[in-house]
Amino acid sequence: EAALLDAVEEIRELKKKHNAVVLSHFYMPAELQVKHEDGGIADFVGDSLGLSVAAKTVEADYIIFCGVKFMAETAKILNPAKQVLLPSFDAGCSLAESITGEDVRLLKKLWPGVPVVAYINTYAETKAEADICCTSRNAMDIARSLGGDKLIFLPDLYMGRNLQTKIKAETGKELILWEGKCEVHEQFTPQRINGLKLMYPEAQVLVHWEVPDDTVTDALKGAGGIVGSTSDIIRFVGESESKQFILGSECDLGATLRGMYPNKEFIVPCIKCPHMKQITIPRTLDALRAIGSEKEKLFEITLEEEISKRALIPIERMLAFS
Ligand code: 13P
Ligand code: SF4
């Protein structure tokens, strides 16, 4: 405990010394989500869209990214003059790793002229081939806004199917999907959620867009709930009269929700994203300690300039849309 508090203190000092800010995702362990002004280390805590918007306007010299690699890359693309450090390069993502730029080029050959929407959970070389990016917060509106009767949505199969259900009913538009899956959200099967609904029949169900489509269909039956992005889920809880919720999303979002709404109860099957959990206080401290030394490049996000410039276009389109 004392070691953790000492490390937090040292991180706070090094941030000041090196003019660094810490951006932290809602799936980080609680100690990485405490705001700097409250004695913690985070200057901004958000979902993937919020973090992108925040990264773009950072004025400090260093961005320490407490999230996964595709998020840190997005920050670098949006604010290339800044040094972006990721405390662990093992912080991958099963969705981002499911597809390459070459795969997208192949899809475009198979479906010429069909707009390509790339989920933000992709690496820069994949984004570079897309027309527009989206996050779970704006995917529906972006998919609706595109012309034509088809669109390529990649790489999340389940999120694509969840979008497809709504879009097809509204516009008849057909989505061409990839086979990527989030290794966390795919575990929220109908059995898992339905078992909890039997045990807690009054609870509302909160599920992320990345859970399987048959789970979403079942989740919303009964006491109600929401399928949405991380911030949609947070907002929904704040506005709901209900006192009890079943969460179908990453375990540490449960801790975030408990901190935000101490009078509400959250039933959370604890499935942690192994990639997000690579980021810890000691590793964040290592990254900050490395600044100015040989070791700094072990943490540094670097991208080929040409890829970075091309990937910026679909990201900027998404931000303009939002
Ligand atoms: P959000 O866009 O909701 O932050 O999602 C990020 C993520 O990794 C979901 O699994
Ligand atoms: Fe990727 Fe899923 Fe982890 Fe998010 S929770 S980083 S989508 S593996």
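Being a predicted model, the structure only gives us computed values, none of them experimental.

Rules used in this analysis
- Each chain has its residues counted from 1, running along the sequence as written.
- Written order determines the labels here, with chains lettered from A and ligands numbered from 1.
- Selection of residues for local features in this predicted model requires a pLDDT of at least 70, selection of side-chain atom pairs for listing and counting requires 80 or more, and totals for whole chains, interfaces and linings are taken over all residues.
- Two strands pair under a simple rule: DSSP has to find at least two bridges between them.
- By the criteria applied, helices consist of DSSP H or I runs no shorter than four residues and strands consist of E runs no shorter than two, each listed in order from the N terminus.
- In this description, a line fitted to the C-alpha atoms serves as the axis of each element, helices being fitted only across the stretch in contact, and the angle between N-to-C directions of two axes falls anywhere from 0 to 180 degrees.
- Here contacts are defined at the residue level, using C-beta atoms placed from the backbone and a cut-off of 7 Å between them.
- For each residue, a C-beta position is placed from the backbone atoms; the residue is near a molecule or strand when that point lies within 6 Å of it.
- The residue classification treats Ala, Val, Leu, Ile, Met, Phe, Trp, Tyr, Cys and Pro as nonpolar and Asp, Glu, Lys and Arg as charged. All others, Gly included, are polar.
- Throughout the structure description, domain borders are defined by an automatic or database domain assignment.
- Multiply 1.5 Å by the residue count of a helix minus one, and that product is the helix's expected span.
- To get the bend at any residue, fit one axis to the seven residues that end at it and another to the seven that begin at it, then take the angle between the two axes.
- Partly exposed residues are those whose C-beta has more than 12 but fewer than 20 other C-beta atoms within 10 Å; with 20 or more the residue is buried, with 12 or fewer it is exposed, and the C-beta atoms are placed from the backbone.
- Geometric relationships in this document are graded by angle, where less than 35 degrees denotes roughly parallel, more than 145 denotes roughly antiparallel, 65 to 115 denotes roughly perpendicular, and other angles denote oblique.

Peer 1: How would you explain the sheet that holds strand S7 (residues 150–154) if you had to name every residue and give the values?
Peer 2: What the four strands build is an open sheet, ordered S6-S5-S7-S8; its pairing is parallel. Single-partner strands in this sheet number two, and they are strand S6 (132–134) and strand S8 (174–177). On average, each strand axis in the sheet is tilted by 30° relative to the strand beside it, whichever way the strands run. Both strand S5 (residues 116–119) and S7 contribute to a ladder of three bridges, which runs parallel. The residue bridging Val-116 from the neighbouring strand is Ile-152, located in S7. Across the face of the sheet, helix H13 (residues 305–321) comes into contact with S5 and S6 while running at roughly 60° to S6.

Peer 1: Tell me about the site of ligand 1, and name the residues and values.
Peer 2: Surveying the vicinity of ligand 1 reveals the residues Asp-47, Ser-48, Asn-121, Thr-135, Ser-136, Cys-182, Glu-210, Ser-229 and Thr-230. Looking at the shell around ligand 1 residue by residue, the class counts come to one nonpolar, six polar and two charged. Counting only domains with at least three residues in the shell around ligand 1, you end up with domain 2 (96–177) and domain 3 (185–267).

Peer 1: Quick one: what's the story with H13, residue by residue and with numbers?
Peer 2: For H13, built from 17 residues, the straight-helix expectation of 24 Å at 1.5 Å per residue is met to within 8% by its first-to-last C-alpha distance of 25 Å. A bend of about 25° at Ile-313 is the largest found in H13, and the proline Pro-314 appears one to four places after it. Residues of H13 that are buried include every one of Ala-311, Pro-314, Ile-315 and Met-318, and no others. Contact partners of the buried residues in H13: helix H2 (48–56), helix H3 (69–78), S5, helix H5 (124–127), S6 and helix H6 (139–145).

Peer 1: Tell me about unusual backbone geometry, residues and numbers included.
Peer 2: Leu-154 connects to Pro-155 through a cis peptide bond whose omega is 0°. Within the secondary structure, Pro-155 sits in the loop between S7 and helix H7 (157–171). With a phi close to 55°, Asn-19 is a non-glycine residue in the positive phi region. The topology assignment puts Asn-19 in the loop between helix H1 (2–18) and strand S1 (20–25).

Peer 1: Lay out the packing of H3 against H13 in plain terms, naming residues and giving numbers.
Peer 2: Here H3 crosses H13 at 95°, and the two axes come no closer than 9 Å. Taken together, the axis directions place H3 and H13 in an arrangement best described as roughly perpendicular. Residues Thr-74, Ile-77 and Leu-78 of H3 lie in contact with H13, whose contacting residues are Ser-308, Ala-311, Leu-312 and Ile-315. Split into classes, the residues belonging to the contact of H3 with H13 amount to five nonpolar, two polar and no charged.

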